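Coordinate analysis (summary)
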Amino acid sequence: MEILDLSRAVRERLRTASRVVVFSGAGVSRESGLNTFRGTGGLWERMRPEELATPEAFAADPAKVWRWYAWRHGAVAAAQPNPAHVAIARLESVFPSYIVVTQNVDGLHQRAGSRNLLELHGTLLRAVCERCGCSREMGEAVAESPERPPLCACGGRFRPAVVWFGEALPEEAFARAHEASAACDVFLSVGTSGTVWPAAGLIELAHQGGALFIEVNPEPTPFSRLADLRLAAPAGEALPALAAAIEALDRGR
Ligand code: NAD
C-alpha cells in the first residue's frame, strides 16, 4: 500500500479537519513483534485473560502473574517502534489539535515521538505498590525479583501499573479521552478489536458526534460498518500511506 486513493469527500474532510483523535490498540504494535490479545495469533489463543490479567488472578497466584508480566516487559523492552508509530507521531505536527488515546501499555508511541498522549490502560514500564501506591521502574523491579513480585518498604507487593480486567480506567485520562472523542473532526482507530469496554465506546461517541471515522485493521471489527474509510491492511503499511496522503493535502487553504 504505497499511494492511497482517497475519495474526494474524505480528502476534503481531512483537509479541513482541526481536531483529530488517534485511538490505538495492540494491533499497532504487532509489527514491532508484540502479540495482540485477540485476532489471529493473539495471546489469548493460548491463555485465558481471566487467568492472568485480573486482580483475582494476582491475589490467587502472584508469582505466576508476575512472571507473565516480567516476560511481557522483556518483550516490550526489546521491541522498537514500527512505521505505524512513527507515522502517527509525525501527524501530530499537521493538525492544530491532535491526541493519541492508546489502550497499549508498551510505551512505543512515546518512543516514536508522540507527545500528546493518554494511556487508558496504564503502563507496563512501571510497577506500583498495591498498598501505598508508590511506583518504580518495572525493569528494575523485575531485575531485582524475576520470579515473584518484590515487596515495597511498606510491606505491600509491587504489581505492574496496568489496568486489569474488572478494574476502573484512570479517571482523568478517560474523561479527557471522552471529551476529545466527542468533539473531534476525525477519529482514526488503529489495531483495536473494539471489544474492550468502556474504551471501545469512544468510537461510538466520535461517530455520533459526526466525526470522520477511519479504521485500520486487517480484520473486520464490530465498528467496521460505521467506517467512512476502512484500510484492511497492517498498520505498518497503512499508516505511512495515510500520513503521506494527508501531508500531500493543501491544508493551508
Ligand atoms: P486486541 O488484542 O483485542 O485486538 C487487536 C486487534 O489488532 C485485532 O482486531 C487485530 O485484527 C488487529 N491487528 C492485528 N495485527 C494488526 C496489524 N498489523 N495492524 C493493525 N491491526 C492489527 O487489542 P485491543 O483492542 O488493544 O485490546 C485491548 C487490550 O489489549 C488492552 O487492554 C491492551 O492493554 C491490551 N494489550 C496491549 C498490548 C501492547 O501494549 N502492545 C499487547 C497486547 C494486549
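You'll find the structure just up there.
Let me begin by describing the structure that accompanies this report. (Residues numbered from 1 in each chain as written. Predicted model: local features only at pLDDT ≥ 70, side-chain atom pairs only at ≥ 80, totals over all residues. Heavy atoms only, no water.)

Focus on the sheet that holds strand β4 (residues 122-129)
Overall, antiparallel pairing links the three strands, which are arranged β5-β4-β6 in an open sheet. Of all strands in the sheet, those with a lone pairing partner are β5 (135-137) and β6 (158-162), marking the two edges. Taking each pair of neighbouring strands and ignoring which way they run, the sheet shows an average axis angle of 45 degrees. Bridge count between β4 and β6: five bridges; the pairing is antiparallel. Counted as the bridge partner of Ala127 is Pro160 from β6. (Pairing = 2+ DSSP bridges. Helix = DSSP H or I, 4+ residues; strand = E, 2+ residues; numbered from the N terminus. Axes fitted to C-alpha atoms, helices over the stretch in contact; angles between N-to-C directions.)

Focus on the pattern of salt bridges
Tallying each qualifying case throughout the model produces eight salt bridges. Ionic pairing is found between Arg19 and Asp185, a salt bridge with its closest N-O pair at 3.3 Å. Residue Arg19 is found in strand β1 (residues 19-24), and its partner Asp185 is found in the loop between α8 (171-183) and β7 (186-190); the two are separated by 166 residues along the sequence. Take Arg19: its relative accessible area is 39%, and that puts it in the partly exposed class. Across the pair Arg136 and Glu140 runs a salt bridge, and its minimum N-O distance is 3.9 Å. (Salt bridge = Lys/Arg side-chain N within 4 Å of Asp/Glu carboxyl O. Buried < 20%, exposed > 50% of the residue type's maximum accessible area, 1.4 Å probe, protein only.)

With respect to the packing of α8 against helix α9 (residues 201-208)
As a packed pair, α8 and α9 sit with axes 7 Å apart at the nearest point and diverge in direction by 30 degrees. The pairing of α8 with α9 is recorded here as roughly parallel in orientation. Residues Phe174, Ala177, His178, Ser181 and Ala182 of α8 pack against Leu202, Leu205 and Ala206 of α9. When its residues are assigned to classes, the contact of α8 with α9 shows six nonpolar, two polar and no charged. (Parallel < 35°, antiparallel > 145°, perpendicular 65-115°, else oblique. Contact = heavy atoms within 4.5 Å. Nonpolar A, V, L, I, M, F, W, Y, C, P; charged D, E, K, R; others polar.)

Things to note about the sheet that holds strand β8 (residues 212-216)
Strand order in the open sheet formed by six strands is β3-β2-β1-β7-β8-β9, with parallel pairing between adjacent strands. Edge positions in the sheet fall to β3 (117-119) and β9 (229-231), since each has one partner strand and no second. Here the average twist between neighbouring strands, direction ignored, is 15 degrees. Here strand β2 (residues 97-102) pairs with β3 via three bridges, running parallel. Counted as the bridge partner of Val100 is Leu117 from β3. Where helix α1 (residues 8-16) meets the sheet, it contacts β7, β8 and β9, and its direction lies at approximately 105 degrees from that of β8. Across the sheet, α8 touches β1, β2, β3 and β7, and the angle it forms with β3 is around 130 degrees.

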